[in-house]
Amino acid sequence: MAREDIFISTKIWASQYLTEGTVEKSLELLGTDYIDLMFIHQPAGDFMAGYRKLEKAYKEGKIKAIGISNFQVGDIESLLETAEIKPMVNQILCHISNTPLELVEYCQKNGIAVE
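All of the points below concern the structure found in this document.

## Looking at the pattern of salt bridges
Alright, step 1. Scanning the entire structure with this criterion turns up five salt bridges.
Alright, step 2. With its nearest N and O atoms 3.0 Å apart, the salt bridge here joins R3 to D36. Of this pair, R3 sits in the segment before strand 1 (9-12) while D36 sits in the loop between helix 1 (22-30) and strand 2 (37-40), placing them 33 residues apart in sequence.
Alright, step 3. Note that K56 and E60 form a salt bridge whose closest N and O atoms lie 2.8 Å from each other.
Alright, step 4. The partly exposed category is assigned to E60, whose relative accessible area is 41%.
Alright, step 5. Through salt bridges that share partners, E24, K56, E60 and K62 make up one connected network.

Here you go:
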C-alpha cells in the first residue's frame, strides 16, 4: 500500500508543548516523512508554544494539516489572536447527549472542520 493511501493523525500532549523535537519524534515513531493531521491535545499550559511547533512543521511540509482538540470558542479566539495559520480541525466531544451547537456553529463560520 502506498503512503498516500493512508491518512495518519496524531497528537502532541500538553506535557510536550515545550519539548524540542516533538514532531520529529512522532515522524520517527510512525515511520513516515509526513503526518496528514497533527493536533495539540488541549488548551493547557503554554498551548501557543505547542501550536507554534505545528505551524513550523506545517510550513516545512512535515504535517499537512493542523488540528486542535478540546478547544472551546474562547480558546479558539485566543489562539487566533496570535496564530499565523488557522487550525483546520477542532476535535471535540460530541454525541447525542452532548452536542455543543454554539461551538460547532462557530467552527463552521470560521472554516474549521469539526471532528
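## Some words on the side chain of T32
Alright, step 1. Inspection of the secondary structure assignment puts T32 in the loop between helix 1 and strand 2.
Alright, step 2. A residue is classified by how much of its surface remains accessible, and T32, at 13% relative accessible area, is buried.
Alright, step 3. Within the structure, the side chain of T32 is placed 3.1 Å from the backbone oxygen of Y34, a separation counted as a polar contact.
Alright, step 4. Apart from the residues lying within four places of it in its own chain, the contact partners of T32 are R3, I8 and L27.

## Here's the deal with helix 3 (residues 73-82)
Alright, step 1. Turning to helix 3, its buried residues are V73, I76 and L79. Projection of helix 3 onto a plane perpendicular to its axis shows the buried side chains occupying an angular sector of 125°, all on one side. Opposite the packed face of helix 3, turned more than 90 degrees from it, sit the exposed residues E81 and T82.
Alright, step 2. Packed against the buried residues of helix 3 are helix 2 (47-59), strand 3 (66-69), strand 4 (89-91) and helix 4 (101-109).

Cut-offs and rules
Residues numbered from 1 in each chain as written. Predicted model: local features only at pLDDT ≥ 70, side-chain atom pairs only at ≥ 80, totals over all residues. Heavy atoms only, no water. Salt bridge = Lys/Arg side-chain N within 4 Å of Asp/Glu carboxyl O. Helix = DSSP H or I, 4+ residues; strand = E, 2+ residues; numbered from the N terminus. Buried < 20%, exposed > 50% of the residue type's maximum accessible area, 1.4 Å probe, protein only. Polar contact = N/O pair within 3.5 Å; in protein donor to acceptor, adjacent residues only side chain to side chain. Contact = heavy atoms within 4.5 Å. Arc of directions from axis to C-beta.

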